[in-house]
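Notes for the structure review
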Amino acid sequence: MKLNQHEQALLNILAEEWEKSGPPGYMETSIIAECLGIPIKDAKSAIRSLFVKGMVDTDEVDTFAAYLTPEGYELAGKT
């Protein structure tokens, strides 16, 4: 699966959170944006793109947070 730079970086930080705190690697969008060094709107865009690809899931309130699906964790190469 082809991922852009932000998508791959997002998978990686969520996988790190998965390993640190346990599945599913839940992180707030503002923290994701800060970790990636990008605006929140760009973080939301990466989350939406990975959601469509089945790699992350989100909460229902304006993409407040994201977390990995098992497929996303596997793609991040952390298994």
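Structural notes, computed from the coordinates. Predicted model, so just to flag it, every value in this text is computed and none were measured.

Brief notes about helix H3 (residues 40–52)
An α-helical turn contains 3.6 residues, so any two residues separated by three or four positions project in the same direction. Taking 1.5 Å as the rise per residue, H3 with 13 residues should run 18 Å; its terminal C-alpha atoms sit 18 Å apart, in good agreement. Buried within H3 we find Ala43, Lys44, Ala46, Ile47 and Leu50. For H3, the arc enclosing every buried residue in end-on projection is 160°, short of the 170-degree limit, so these residues lie on one face. Turned more than 90 degrees away from the buried face of H3 sit Lys41 and Val52, all of them exposed. Turning to H3, the residues buried within the fold contact helix H1 (5–21), helix H2 (29–36), strand S2 (56–58) and strand S3 (65–68). A positive backbone phi angle near 80° is found at Gly54, which sits one or two residues after H3.

With respect to the sheet that holds strand S1 (residues 27–28)
Spatial ordering of the open sheet is given by S1-S3-S2, a layout of three strands whose pairing is antiparallel. On the outer flanks of this sheet lie S1 and S2, each paired with one strand and no other. Sheet strands touched by H1: S1, S2 and S3. Its angle to S3, the strand with the most contacts, is close to 75°.

Basis of the calculations
Residues numbered from 1 in each chain as written. Predicted model: local features only at pLDDT ≥ 70, side-chain atom pairs only at ≥ 80, totals over all residues. Heavy atoms only, no water. Helix = DSSP H or I, 4+ residues; strand = E, 2+ residues; numbered from the N terminus. Expected span 1.5 Å × (residues − 1). Buried < 20%, exposed > 50% of the residue type's maximum accessible area, 1.4 Å probe, protein only. Arc of directions from axis to C-beta. Contact = heavy atoms within 4.5 Å. Pairing = 2+ DSSP bridges. Axes fitted to C-alpha atoms, helices over the stretch in contact; angles between N-to-C directions.

So yeah, pure geometry; function would need other evidence.
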